[in-house]
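Examination of the molecular architecture
Residue-level listing of the chains:
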2 protein chains.
Amino acid sequence: MSRRLRFNAFEMNCVAHQSPGLWTFPGDRARQYKDIGYWTDLAVILEKGRFDGIFIADVIGSYDVYGGSNAGALREAAQIPVNDPLQLAVPISMVSEHLGIGITASTSYEHPYLFARRLSTADHLTKGRIGWNIVTSYLESGTRNTGAALKAHDDRYEVAAEYLEVIYKLLEGSWEEDAVQADPARRLYADPAKVHPIRHRGRYFDVPGPHLCEPSPQRSPVLYQAGASRAGIGFAARNAECVFVSTPTQAALARYIAALTEAATAAGRRREDFIVYTLATVIVEESDAKAQALYRRYLDHVSAEGALVLLSGWTGTDLSRYAPDDLLSKVTTSSGLSMLDRFSDQRDWSLADLAKWAGIGGAGPVIVGGPETVADQLEAWQEATGVDGFNLAYVTAHQTFENVTGYLVPELQKRGIYPRDYAPGTLRQKLFGRGDRLRAPHPGAGFRTLASTFPDPPLVPPFL
Amino acid sequence: MSRRLRFNAFEMNCVAHQSPGLWTFPGDRARQYKDIGYWTDLAVILEKGRFDGIFIADVIGSYDVYGGSNAGALREAAQIPVNDPLQLAVPISMVSEHLGIGITASTSYEHPYLFARRLSTADHLTKGRIGWNIVTSYLESGTRNTGAALKAHDDRYEVAAEYLEVIYKLLEGSWEEDAVQADPARRLYADPAKVHPIRHRGRYFDVPGPHLCEPSPQRSPVLYQAGASRAGIGFAARNAECVFVSTPTQAALARYIAALTEAATAAGRRREDFIVYTLATVIVEESDAKAQALYRRYLDHVSAEGALVLLSGWTGTDLSRYAPDDLLSKVTTSSGLSMLDRFSDQRDWSLADLAKWAGIGGAGPVIVGGPETVADQLEAWQEATGVDGFNLAYVTAHQTFENVTGYLVPELQKRGIYPRDYAPGTLRQKLFGRGDRLRAPHPGAGFRTLASTFPDPPLVPPFL
């Protein structure tokens with residue numbers, strides 16, 4: 001196929017992710033997030049639907065901008081309670097063969113020497129199906145609880161850049177390709193001359209190395225990032241292989257992709273070196289009428305409070321200070337922009353209407369219809385923006401993804417724009433078809449050759 | 001049964017754990033530690049053998065005392081490479097119903113606010129089968145790599161005590177028992193009035209809370225500890241529910257248990273409030289002759305270098321500075337004690353002989369024979385020391401545990417001193433039969449009532 005659409009599933013180890021209130025919908029399974037069966041059932045549905053991967057979001061802290069308290073977030077289970085995403089990766093890999101598994105982790109909390117081991121372990125145990133969604137931002141309450149506060153002169157992307165450099169050095173540069181011999185005849189597991197310290201001394205981290213783990217199938221996991229600020233785009237342009245975007249309008253998406261492509265080109269990378277997934281929520285049924293009816297039933301379960309709790313956190317603006325009838329054009333966010341600017345192709349609706357709309361799938365578009373209608377709209381989005389695929393949020397678990405797999409995917413396959421089978425190999429090989437490892441001009445690939453520049457460690461003669 | 005023996009399996013996410021060189025034994029699977037099938041196959045064997053649990057050790061860093069270099073450790077795969085133990089927990093729970101899963105983690109690296117979430121998540125996903133092996137010590141190279149160096153005046157057990165206090169407050173005290181309502185009719189997930197900040201302000205950590213996770217089946221995981229120093233015994237006496245001991249002689253074990261019991265009594269706890277497992281390696285076959293023959297074949301594969309690499313790390317003494325013929329009585333450890341003191345019931349053997357002996361199963365006894373011989377010896381150990389059970393190291397994977405399950409367990413069951421089935425419930429309930437949660441006089445239980453002493457958080461009126 002010359003053109004193709006891609007799907008990624010957007011999940012989180014919590015009850016209410018992007019559609020607050022929908023956990024009350026009859027039959028919804030979101031409350032089962034604490035049961036491993038919730039996740040393994042989902043993995044089977046997504047692999048049947050040939051999703052590129054499942055991406056598990058995360059936050060450390062709680063949404064407490066709304067009303068200056070976490071009370072609303074707790075009532076609505078709006079991303080709190082929230083469990084560790086990492087521990088879902090290997091279980092998901094055990095019930096699937098191809099599905100990519102993207103884990104979110106911040107560069108603000110765990111030390112890179114320890115986090116590098118988590119990544120290598122996950123990549124080993126999943127046989128190279130791991131992605132890392134690099135996040136730099138965090139909720140204020142997460143900062144308070146971990147003492148991770150940055151000094152005023154620090155830039156969080158500067159910390160992230162050094163963090164990533166340490167990760168690259170450990171994963172790419174510390175163990176040479178043939179360091180592990182695992183040869184019983186010579187009783188030699190690893191050749192010490194081929195396992196190197198990294199001797200990193202930086203502004204934020206000093207890490208002599210070596211890495212604790214032998215090279216995993218992909219070495220560095222597939223690198224995901226979502227960063228819409230100028231610094232975020234610069235970071236993604238240099239490092240991200242998959243980029244997540246969240247915007248309700250085609251115009252904003254097209255602008256974002258143009259800016260990202262320009263920045264990536266400046267960094268020596270090409271458009272085909274990264275994949276862009278845009279957030280969307282698809283409500284598909286066997287007919288337009290049935291889908292619209294389902295959408296209306298969903299709307300009855302939206303929690304306006306939950307939506308405003310999330311919107312307040314995302315915009316840094318306490319929306320509890322406004323009345324339901326207040327128009328969006330009146331609301332100014334903490335960054336000084338009008339809320340309307342964010343939703344500029346939309347009408348100047350009231351906060352109550354915005355809450356209702358954003359309560360289904362968050363800030364991305366909601367696409368409702370039978371298989372043909374939805375397929376037409378997704379193609380139109382791709383046509384207008386050049387986006388590669390969609391990061392699909394769910395409304396109810398797992399009905400949303402079951403319907404995508406059951407109704408929409410066959411239609412897209414019929415049109416020849418969606419794969420019928422997975423490509424073989426690691427996640428990186430499946431996504432880009434150019435091998436398991438990072439390749440130039442990606443900066444991570446440059447650290448692999450560092451190994452040969454290190455002096456050999458001292459060798460001790462064998463004892464007996 | 002009035003008396004009973006318990007087994008725990010001692011593992012590590014690496015190639016050579018306690019028996020260096022044995023990865024070269026024909027058919028050994030240790031090199032498959034990177035494959036999840038290695039772990040799931042093992043879990044099935046252990047559950048068939050009614051083991052209390054599997055306990056996954058860990059180190060951060062490498063054994064570089066021997067020769068002042070990690071070269072020996074790398075050649076022998078002596079606990080390096082070493083992967084993250086945490087990611088094995090949920091997969092092991094997926095193929096077993098009862099087996100306890102003990103994860104090792106140090107109080108020196110990950111912030112307790114984040115680690116508390118890892119524990120709760122694991123306990124949720126395994127439905128209450130998680131134990132945490134609390135370690136405070138760490139290898140020098142781990143310290144260098146993470147910037148975790150303690151200041152001279154800090155005591156690592158003082159840090160650990162405060163770390164544990166934060167964990168108790170988050171896991172036991174932050175969410176009241178009925179905080180989670182998950183009631184679709186009232187659209188109330190958690191009652192904010194029952195989710196409390198912990199407001200911890202200490203010497204090492206400031207953690208306002210609340211905990212990010214709702215209460216898991218056990219809240220605090222079952223607490224394991226191995227600490228032989230005076231401070232370690234004091235810490236274990238106050239906090240540990242399961243204690244691991246590693247000593248080659250019955251006399252030393254009896255002394256340790258007496259000291260621990262005395263310290264626990266002083267802390268208001270009784271002997272039945274904790275379980276002591278002592279390290280042992282069992283080589284069992286269908287007859288004494290076959291077992292002895294297998295032991296001799298194992299000895300041919302021991303790596304003396306690997307054993308000395310580990311012994312050098314454990315004692316802080318560079319044993320590469322001695323000749324193979326040097327007698328143990330000549331060797332003084334970094335703590336000023338003669339190595340002979342540690343192995344005082346043993347003869348004054350040469351370093352070469354010590355390496356050979358410690359190369360099977362590390363510092364614990366090696367018990368070789370047919371089912372009756374081994375059962376007799378284990379009973380004798382229990383008789384002489386009052387130990388509750390054995391933390392069994394493996395020689396080859398998974399032959400050692402297959403043979404224990406296949407030959408030894410039926411003999412112990414026949415004698416009526418080993419369970420034929422698991423008790424129902426969480427790991428804590430299975431081990432102690434007194435409920436899922438920590439109970440007084442355990443100090444962790446005291447933090448559960450803290451909840452009611454906190455003022456309620458501010459409440460925001462519902463939006464619509």
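Residues numbered from 1 in each chain as written. Chains lettered and ligands numbered in written order. Predicted model: local features only at pLDDT ≥ 70, side-chain atom pairs only at ≥ 80, totals over all residues. Heavy atoms only, no water.

What follows covers the packing of aromatic side chains. Tallied over the full model, the rule gives 36 aromatic pairs over all chains. Where F7 of chain B meets F51 of chain B, the ring centres are 5.6 Å apart and the plane angle is 45 degrees; that geometry is what we call tilted. Of this pair, F7 of chain B sits in strand 1 (residues 6-12) while F51 of chain B sits in the loop between helix 1 (36-48) and strand 2 (53-57), placing them 44 residues apart in sequence. Just as F7 of chain B is buried, F51 of chain B falls in that class too. Ring geometry for Y157 of chain B and F235 of chain B: centres 5.5 Å apart, planes at 50 degrees, overall tilted. In this pair, Y157 of chain B sits in helix 6 (residues 156-173) while F235 of chain B sits in helix 7 (residues 230-239), placing the two residues 78 residues apart along the sequence. F235 of chain B matches Y157 of chain B in its accessibility class, with the two residues each being buried. An aromatic cluster is built from F7, F51, Y394, F401 and Y418 of chain A, whose rings are joined through pairwise contacts. (Phe/Tyr/Trp six-rings, centres within 6.5 Å; stacked < 30°, edge-to-face > 60°. Helix = DSSP H or I, 4+ residues; strand = E, 2+ residues; numbered from the N terminus. Buried < 20%, exposed > 50% of the residue type's maximum accessible area, 1.4 Å probe, protein only.)

Moving on: the pairing of strand 13 (residues 389-393) of chain A. Residue and element names in this part refer to chain A. With five of five residues buried, strand 13 lies mostly within the body of the structure. Across four bridges, strand 1 (residues 6-12) lies against strand 13 in parallel orientation. The partner of F7 across the bridge, within strand 13, is F390. Taken together, the five bridges between strand 11 (residues 275-284) and strand 13 define a ladder with parallel strand orientation. Its bridge partner being in strand 13, T281 is matched across the sheet by A393. (Pairing = 2+ DSSP bridges.)

Of the residues lining the interface, 85 residues belong to chain B; the matching set on chain A comes to 83 residues. Where chain B packs against chain A, one counts twelve salt bridges. Note that R117 of chain A and D58 of chain B form a salt bridge whose closest N and O atoms lie 2.7 Å from each other. Linking chain B with chain A are 34 residue pairs in polar contact (both at pLDDT 80 or more). (Contact = heavy atoms within 4.5 Å. Salt bridge = Lys/Arg side-chain N within 4 Å of Asp/Glu carboxyl O. Polar contact = N/O pair within 3.5 Å; in protein donor to acceptor, adjacent residues only side chain to side chain.)

Residue and element names in this part refer to chain A. Axis separation between helix 4 (residues 112-125) and helix 6 (residues 156-173) bottoms out at 9 Å; the angle between their running directions is 55 degrees. By the angle between their directions, the pair helix 4 and helix 6 is classed as oblique. At the point where helix 4 passes helix 6, the crossing takes the right-handed sense. For the pair helix 4 and helix 6, the contacting residues are P112, Y113, F115, A116, L119 and S120 in the first and Y163, V166, I167, L170 and L171 in the second. (Axes fitted to C-alpha atoms, helices over the stretch in contact; angles between N-to-C directions. Parallel < 35°, antiparallel > 145°, perpendicular 65-115°, else oblique. Left-handed = near helix turned anticlockwise from the far one by under 90°.)

Let us look at the relation of the copies chain B and chain A. Overlaying chain B with chain A gives an RMSD of 0.0 Å, the required rotation being 180 degrees about an axis along which the chain moves by 0.0 Å. In the structure described here, the two chain copies are related by an operation that fits a two-fold rotation axis. (Least-squares fit on C-alpha atoms with pLDDT ≥ 70 in both.)

Our next topic: the pairing of strand 9 (residues 222-225) of chain B. Residue and element names in this part refer to chain B. Covered by surrounding structure in strand 9 are V222 and Y224 together with L223 and Q225, the residues of both alternating faces. Where strand 4 (residues 130-135) meets strand 9, four bridges bridge the pair, whose relative direction is parallel. Residue W132 lies in a different strand from strand 9, and its bridge partner there is L223. Inspection of the sheet shows strand 9 paired to strand 10 (residues 242-245) by two bridges, in the parallel sense. Bridge pairing in strand 10 links Y224 to C242.

Residues and elements named next belong to chain A. When you line up the elements, E372 lands in helix 13 (residues 371-385). Sequence separation between E372 and L408 is 36 residues, and the spatial gap between their C-alpha atoms is 7.8 Å. Setting aside its immediate chain neighbours within four residues, E372 contacts E411 and R415.

Residue and element names in this part refer to chain B. Taking 1.5 Å per residue as the helical rise, helix 10 (residues 304-315) with its twelve residues ought to reach 16 Å, and the 16 Å between its terminal C-alpha atoms agrees with that figure. By the criterion of burial, helix 10 is predominantly enclosed, with ten of the twelve residues buried. Taken residue by residue, helix 10 has A304, E305, G306, A307, L308, V309, L310, L311, S312 and T315 as its buried positions. One or two residues past the end of helix 10 sits G316, with phi positive at roughly 70 degrees. (Expected span 1.5 Å × (residues − 1).)

Let us look at the state of the cysteines. The full count for this structure, using the stated rule, is zero disulfides over all chains. In this structure C14 of chain A is a free cysteine whose sulfur lies 11 Å from that of C213 of chain B, the closest cysteine sulfur available. (Disulfide = S-S within 2.5 Å.)

Looking now at unusual backbone geometry. The amide bond that connects G209 of chain A to the next residue, P210 of chain A, takes the cis arrangement and shows omega of 0 degrees. Looking at the secondary structure, you find P210 of chain A in the loop between strand 8 (206-207) and strand 9 (222-225). Following I80 of chain B, the chain continues into P81 of chain B via a peptide bond in cis, with omega recorded as -5 degrees. Checked against the element boundaries, P81 of chain B lands in the loop between helix 2 (71-76) and helix 3 (89-94). At R50 of chain B, a residue that is not glycine, the phi angle is positive and equals roughly 55 degrees. With respect to the element layout, R50 of chain B can be found in the loop between helix 1 and strand 2. Although it is not a glycine, A77 of chain B sits at a positive phi angle of roughly 50 degrees. Tracing the backbone through its elements, the reader meets A77 of chain B in the loop between helix 2 and helix 3.

In short, geometric facts, not functional conclusions.
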